[in-house]
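Take a look at the letters that make up each chain.
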Amino acid sequence: MGRQRPGIGLPATDVCDCLRPAVVASITGPIARFQRLLMTNASSSPPVPTDIKLNASRSLLTVSFGDAESFVMSSEYLRVFSPSAEVRGHGGGGTLQVGKEEVTIVDILPVGNYAVRLVFSDGHNSGLFTWKVLNELGRDQAANWQSYLERLADEGHVRKADA
C-alpha cells in the first residue's frame, strides 16, 4: 500500500482525505471503523464530523460537520486550546501556552466513537478533542484567538509571527 503515515495506517499523501468512501472501503482495522462511524453518524447530536482533513504542511486541520459547518483551524490554535489538563489547568484557570507558532500535527488518533487525540510536533498528546470540543473550537475560533492574543500581550509575550 506504499508509504504509510505512522499510527494511522493510511497512505502518506499531501492531504489526508481519509474519510472518502473509496478509501474507507479499501482499509481495515480501528481507523476504518472510526471512519465508517463518522460517515454514518453525521446526523446525531452532539455534532459528529463528516470529514477531517490535515493539510500537506500539517499546519491546518479542516473539520466538517455535514453541509452546515466546516472549520479550518491552525495547529497552533488547536495546541493552545488543547482540552488537556496540562493546558486547561487541573483546577481551572489554564496555563498560557507560548512559543507554539511552529507546532504541527504529526498524528490523528481515533478515541472510541466520540473523539480524536491530536499528537503535536512538540510532543503534546494528552488532549482528547471530542466532537463537541472540535465544534466549539471551530465555532468560537475568532473570539478564542482574540482572547489568547490579549492574554499574551497582558503577560508580556509576543508571538514570533507578530514580532
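Whatever comes next refers back to the structure up there.
Parameters at a glance
- Residues numbered from 1 in each chain as written.
- Predicted model: local features only at pLDDT ≥ 70, side-chain atom pairs only at ≥ 80, totals over all residues.
- Heavy atoms only, no water.
- Pairing = 2+ DSSP bridges.
- Helix = DSSP H or I, 4+ residues; strand = E, 2+ residues; numbered from the N terminus.
- Axes fitted to C-alpha atoms, helices over the stretch in contact; angles between N-to-C directions.
- Contact = heavy atoms within 4.5 Å.
- Core = buried A, V, L, I, M, F, W, Y, C linked by side-chain atoms within 4.5 Å.
- Buried < 20%, exposed > 50% of the residue type's maximum accessible area, 1.4 Å probe, protein only.
- Phe/Tyr/Trp six-rings, centres within 6.5 Å; stacked < 30°, edge-to-face > 60°.

Chemist: Would you mind going over the sheet that holds strand E1 (residues 51-54) in detail, with residue names and values included?
Modeler: Here we have three strands laid out as an open sheet, ordered E1-E2-E3, and antiparallel in their pairing. A strand with exactly one partner marks an edge of an open sheet, and here the two such strands are E1 and strand E3 (69-74). Here the average twist between neighbouring strands, direction ignored, is 15°. Taken together, the four bridges between E1 and strand E2 (residues 60-65) define a ladder with antiparallel strand orientation. Across the sheet, Lys53 pairs through a bridge with Thr62, a residue of E2. Against the sheet, helix H5 (residues 131-139) makes contact with E1, E2 and E3, and its axis sits at roughly 80° relative to E3, the strand it touches most.

Chemist: Kindly report on the nonpolar core, identifying the contributing residues and their values.
Modeler: Judged by nonpolar contacts, the single largest core of 26 residues is most densely connected at Leu61, Leu78, Leu118, Phe129 and Leu134. For this core, the secondary structure elements donating two or more residues are E1, E2, E3, helix H3 (75-80), strand E4 (105-111), strand E5 (115-120), H5 and helix H6 (141-154). Counting residues per element, this core draws most heavily on H5, at four residues.

Chemist: Account for the packing of aromatic side chains, with residues named and values stated.
Modeler: Following the criterion strictly, the structure yields five aromatic pairs and no others. Measuring from centroid to centroid gives 5.1 Å for Trp145 and Tyr148, while their planes differ by 40°, and the two rings are tilted. Remark: Tyr148 and Trp145 occur in helix H6; sequence separation between them is three residues, near one turn of the helix. Residue class for Tyr148 comes out buried when judged on its relative accessible area of 5%. What links up through ring pairs into an aromatic cluster is the set Tyr77, Phe81, Trp145 and Tyr148.

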